[in-house]
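Each chain, written out:
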Amino acid sequence: MTLGAGDSGLGGTPRAPGKRRPVNVVPHTHWDREWYSPFRTFQLRLVDLVDKLLELMETDASYARFLFDGQMAAVDDYLEVRPENEGRLRRLGASGRIAFGPWYVLMDEFLVSGETIVRNLQLGMERAAAFGGAMEVGYLPDMFGHVAQMPQILRAAGFCDAVVWRGVPTAVDKTAFSWAAPDGSVVRAEYLLGGYSTGASVGDDAKAFVRRLEAYEDENGQFLLGPDGPILFPNGTDHQEPQPWLGRVVAEANAMQDRFEIAISSLPEALAGAPRAGLPEWKGELRSGARANVLMGVASNRTDVKQAAALAERTLERLAEPLAAVFLAPERYPSSALSIAWRELVRNSAHDSICACSHDEVDRAVLHRYAEATRIGEGVAERALKALASSLSAPCHVAVNPLARPRSGMVELIIGGEGPVEGAQVLDERVGLAADLVLTATEVRGVLAQIGEQDQMGDGAYVAGVDVEEDDAGIDIAVRVLPERSPDVRIAEIRTDLLARLALRPDARVKVHLDQASSRRVLVRVEDVPGFGWKAWSTGPLRDPVSAAEEADGRIVLANSLVKVVLSPEDGTFAVNGLPGFNRLIDSGDFGDTYNYSPPEHDLVVDTPFAVSLSLAEVGPVRAVAIAERTYRWPERIDEGRRARTGEREVVVRSRVELRAGEQLVRVATSLDNTCRDHRLRAFFPLAEPAAHSSAECAFDVVERGLVAEGGPSEKPLATYPSRRFVRAGGLSVFHDGLCEYELVDLAETASREADSGDGTRAHGLALTLLRATGMLSRLTMVNRPLPAGPVEPLEGPQMQGPRTLRYALSLGPGDDYALADDAFCDLPVVSSLGGGARALEASLLSVRGAELSALRRVAGGSLELRVFNPTPATARVELRSGSEHAPGAGEPGAPLRGQLVDLRGRHVASFEGSFELGPHGIATARLVGR
Ligand SMILES: [Zn+2]
């Protein structure tokens, strides 16, 4: 919720004589489950509210309808405390008096993945099914703007209606519009002019209520759909309890006038009678601040939360689910564990949670949920990788590809031996050692208790064999340790045998001879690992090595055949293929809050380090790394009274610039110990050519945006936009790990608020926000936003104090941004096999071509389900084939696969054999038969 300026100065509309204007009063509450108070605090308030609601609805038929905020999480939160009331809620749902769902939470749409949005909807509808079914309206009351593909997502779930508030542009001048997704899917969007609280707190006074409706009509008449067009009057606001007199007041109001026909309605009832033809049309995302603020600064607030979100989503979507789907037998697919992880992700996607415009305690809970989901994802992935390793036919190290596209990449291994390895970069060597120890039997038992039945004695140290000899003098144990696991080491048997011998001779002297072979930690590159497959690494020449050198003038050069990076000792920036000025860091004041960036009245911008030192950390041939260490003097904080930056801190910022063999990506990790407050730190990159627009990844598509944004009286129009994993402009692609905010800027202007470069139509650079440190949940008066957007409350967490590492990657020139985004942050997992299985050392188990993959998983019943989308303007053909492996029951390698396309409820849409067509910007969900 936010406080914002309403519309004013709009004329009234002449009324048709004798005809009453329908007014649909929709009682509801907007339930932010965690926000300025922690979850449990709000949960207890929710219990009070729903207790009263049940009592009211069961005893007063005139309180006819209630909208449960479009989300099932609040229902589960209530039932966690009041499980005995589930039947009462179900009865009210089944009779149509309470509308449940369709969402599980009211998410933010820009800061989470498309997949999280879909899982949220599916989880909500699944839960709502137990309460009489979900409300068939895409209710989106408070989200801070809306993604372009939302109409397509809603249509794929069978909905024809959306309800929105924030983000609607001035081009929409009615209380409803026809909203199209990039693929052409259209929903009717009811526009909550003035918000979801316009009818909040109706007092026990019918006359006052009628006056309020008259004022609303007079003020907003020109937005209404004709002189008799209906008014939607949402009777509720944040955490508002029901007003028990509402039914009576509505009846009295109807009796005392003939201007309005007032009814207490459900949202579907209100929309059923609403005009659908001749509405204004809008295609694409809704991000205008014209009539309500979109709070665009949430994208860069608490980047730690966004980093945790990116990691968790990546771990589930691009690692755990596809690996488990492909490499675990259907009956071993860990559905329950993955459901737990997804529920955590979905809960965190709630707008106040992922946006982190919340109490510090809430942010800690959000981070904990992301960590739990990530741990589940990692554990699932590990089990799937072990299953693959045990099925391979010979000892090997294999790189595994959990995604559809064939990929090459760097992996780290520990291998036996000494000295250089062809095609590999040796990171460090462990020289072999031979040690003789004399221990007592008790000491040996202690060691065995510690080791347990593990054959692993450390990183790259596995027991390969144990020989035991006994004579009158004592027991001699010889232990051989190798860097790789050996087959047929019966640790349990060896252990039992040793413990028996020690028990018989408790006073024996035990000689232990430890023989550990030499080993090396190496980086290698594995080329062309098939999609949903694996490939063993073998020594051989490196195709496109990377080199690194320090030149006489102090510059450091990293280069492979695709990219040359030159770091400047002057300012620590670097040039890419001759284009200088990458990674300039600009620090400025931020007198905003968790919702909006806002400069102090007297800003001080620092873009020049006073000390720079460059060093080479790794020189190739697989990975070259240079370190740019820059020391800045940044103001310490903003003085509230003077509204100016004050004090000074020396801050060392360390950027690790990395180039890998065979890759066009320049990877950067920028680290600092943030001891300054009230500031914004951005990294600047030059564009290869001036740009008039950017293309940013958002849910299931790439959206194009210009250089300006639309603002309004309640929010200045900053063109700081969100991107999910990448943004492209002027020949530059920037990939990031949870750094969701970018802005196209003119590099000449360090303050960089404007993107114009003289003629105002082209930008020359892109700024990526690394962190925004602020100290208020919401602030009273700001340059960029005149009114508060939430409680005016100081917070410590958003100051982002302490060590921070921000990761991003750059690519100049042409390239597939989706492929590069995966390369940048989804390393190929690697696993070592002992052999003993039947599988070849390279194969794929499934082939998906022609579209981007959003998900591959198993659904109830065990079938493989995949979701793909086509981010291009051309029709695509999605081909589904079995992989390259000959396996019993799997059919011929490369055979076309059969299946059906389903909607987001799992309902049949069409059958396919081998392939199906996917229109421009389309999303499709396919289930495979017999896989
Ligand atoms: Zn809200």
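Note that this is a predicted model, so its numbers are computed, not measured.

Trainee: For this particular structure, what's the right way to read the overall build of the chain?
Mentor: If you tally the helices and strands in the chain, you get 15 helices and 51 strands. Relative to its length of 931 residues, the chain is compact, with a C-alpha radius of gyration of 31 Å against a globular reference of 30 Å. When the backbone C-alpha atoms are referred to their principal axes, the chain occupies close to 110 × 65 × 55 Å. For the chain, buried positions account for 60% of its 931 residues. Taking contacts inside the chain between residues at least 6 apart in sequence as the whole, the part at least 24 apart equals 75%.

Trainee: What is the right way to read the nonpolar core from this model?
Mentor: Grouped burial of nonpolar side chains is what soluble globular proteins tend to show. With 182 residues, the main nonpolar core has Leu89, Met150, Phe209, Leu267 and Val868 as its most contacted residues. Apart from residues no more than four positions distant in its own chain, Val868 is found in contact with Val848, Ala851, Glu852, Leu853, Ser854, Val878, Phe916, Leu918, Gly922, Ile923 and Ala924. Within the second largest apolar cluster, 53 residues are counted, among which are Val653, Leu659, Ala763 and Leu766.

Trainee: Teacher, can you tell me more about the pattern of salt bridges here?
Mentor: Think of it this way: side chains of opposite charge can pair up when their charged atoms draw near. Applying the stated rule across the entire model yields 76 salt bridges. For Asp455, the salt bridge is made with Arg485, and the minimal N-O distance between the two is 2.9 Å. Here Asp455, found in the loop between α13 (441-451) and β15 (456-458), pairs with Arg485, found in the loop between β17 (474-482) and α14 (491-504); they are 30 residues apart in sequence, far enough to count as distant. Classification of Arg485 by relative accessible area gives partly exposed; the value is 37%. What you see here is one network of salt bridges that share partners, running through Glu115, Arg119, Glu321, Arg857, Glu865, Arg867 and Arg927.

Trainee: So what exactly am I meant to see when it comes to the packing of aromatic side chains here?
Mentor: Each aromatic ring pair is described using two quantities: the centre-to-centre distance and the angle formed by the ring planes. By the definition in use, this model includes 22 aromatic pairs. Arranged with centres 6.0 Å apart and planes meeting at 50°, the rings of Phe209 and Phe233 form a pair that is tilted. Remark: Phe233 occurs in strand β8 (residues 231-235) and Phe209 occurs in helix α6 (residues 206-220); sequence separation between them is 24 residues. For the pair Phe209 and Phe233, one class covers both residues: buried. For the ring pair Phe726 and Tyr818, a centre distance of 5.0 Å and an interplane angle of 85° mean the geometry is edge-to-face. Taken together, the positions of Phe726 in strand β37 (residues 726-729) and Tyr818 in helix α15 (residues 817-825) put the pair 92 residues apart, joining distant regions of the chain. The ring of Phe131 carries Arg90 above its face, with NZ or CZ at 5.2 Å from the centroid. Its end group placed over the ring of Phe591, Arg779 keeps NZ or CZ at 3.9 Å from the ring centre.

Trainee: Even after reading the chapter, I still don't get the coordination of the zinc ion, so can you show me in this structure?
Mentor: Six octahedral donors around a metal ideally subtend angles of 90 or 180 degrees, whereas four tetrahedral donors ideally subtend 109.5 degrees. For the zinc ion, the full set of protein donor atoms is His30 (NE2), Asp32 (OD), Asp142 (OD) and His351 (NE2), and the range of their distances to it is 2.0 to 2.1 Å. For the zinc ion, the 4 donor atoms are set out with angles of 86 to 175° between them, so the coordination reads as irregular. Taken in sequence order, the residues that donate to the zinc ion follow the motif H-x1-D-x109-D-x208-H. Here Asp32 is found in the loop between β1 (21-27) and α1 (39-59), whereas its partner Asp142 is found in the loop between β4 (138-140) and α5 (150-156), with 110 residues between them in sequence. Accessibility expressed as a relative area gives 0% for Asp142, which makes it buried.

Trainee: Sorry, what's going on with the packing of α6 against helix α7 (residues 246-255) here?
Mentor: Think of two packed helices as two axes; the pair is described by the angle between the axes and how far apart they sit. The N-to-C vectors of α6 and α7 enclose an angle of 70°; their axes lie 8 Å apart at closest approach. Our classification of the angle between α6 and α7 gives roughly perpendicular. Of the two possible hands of crossing, α6 and α7 adopt the one that is right-handed. On α7, the residues touching Ala206, Phe209 and Val210 of α6 are Val249, Val250, Glu252 and Ala253. Across the contact of α6 with α7, the residue classes break down as 6 nonpolar, no polar and 1 charged.

Trainee: Explain the environment of Ala692 here, please?
Mentor: Looking at the element boundaries, Ala692 is found in the loop between β33 (679-691) and β34 (694-698). Placed 185 residues apart in sequence, Ala692 and Asp507 show a C-alpha to C-alpha distance of 83 Å.

Trainee: Could you clarify how one ought to interpret the sheet that holds strand β13 (residues 425-430) in this entry?
Mentor: Within a sheet, each strand pairs with its neighbour through backbone hydrogen bonds, oriented either parallel or antiparallel. With antiparallel pairing, the 3 strands of this open sheet are ordered in space as β12-β19-β13. Looking at which strands have only one partner, the edges of the open sheet turn out to be β12 (407-416) and β13. Strand-to-strand, the axes of this sheet are offset by a mean angle of 30°, without reference to chain direction.

Trainee: Help me understand the sheet that holds strand β18 (residues 509-516) in this model?
Mentor: What the 5 strands build is an open sheet, ordered β14-β18-β17-β16-β15; its pairing is mixed. Strands at the two margins of the open sheet, each flanked by one partner only, are β14 (433-440) and β15. Each strand axis lies, on average, 30° off the axis of its neighbour in the sheet, ignoring direction. Judged from the 8 bridges that link them, β17 and β18 form a sheet pairing that is parallel. Note on β18: the bridge partner recorded for Val479 is Leu514. Along the sheet face, α13 touches β14, β17 and β18 and points at about 120° away from the line of β14. Against the sheet, α14 touches β16 (461-471), β17 and β18, its axis set at about 30° to β16.

Trainee: Can you walk me through the environment of Ala876 in this structure?
Mentor: Tracing the chain through its elements places Ala876 in strand β47 (residues 876-882). You can call Ala876 buried: its relative accessible area is 11%. For Ala876 and Glu917, which are 41 residues apart along the polypeptide, the C-alpha to C-alpha distance reads 5.8 Å. Apart from the residues lying within four places of it in its own chain, the contact partners of Ala876 are Gly850, Asn870, Phe916, Glu917 and Leu918.

Criteria and thresholds
Residues numbered from 1 in each chain as written. Predicted model: local features only at pLDDT ≥ 70, side-chain atom pairs only at ≥ 80, totals over all residues. Heavy atoms only, no water. Helix = DSSP H or I, 4+ residues; strand = E, 2+ residues; numbered from the N terminus. Rg over C-alpha atoms; globule rule 2.2 N^0.38 Å. Buried < 20%, exposed > 50% of the residue type's maximum accessible area, 1.4 Å probe, protein only. Contact = heavy atoms within 4.5 Å. Core = buried A, V, L, I, M, F, W, Y, C linked by side-chain atoms within 4.5 Å. Salt bridge = Lys/Arg side-chain N within 4 Å of Asp/Glu carboxyl O. Phe/Tyr/Trp six-rings, centres within 6.5 Å; stacked < 30°, edge-to-face > 60°. Lys NZ or Arg CZ within 6 Å of the ring centre and 35° of its normal. Donors = N, O, S within 2.8 Å, 3.2 Å for Na, K, Ca; no water. Tetrahedral: all angles 85-135°; square planar, octahedral: opposite > 155°, others 65-115°. Axes fitted to C-alpha atoms, helices over the stretch in contact; angles between N-to-C directions. Parallel < 35°, antiparallel > 145°, perpendicular 65-115°, else oblique. Left-handed = near helix turned anticlockwise from the far one by under 90°. Nonpolar A, V, L, I, M, F, W, Y, C, P; charged D, E, K, R; others polar. Pairing = 2+ DSSP bridges.

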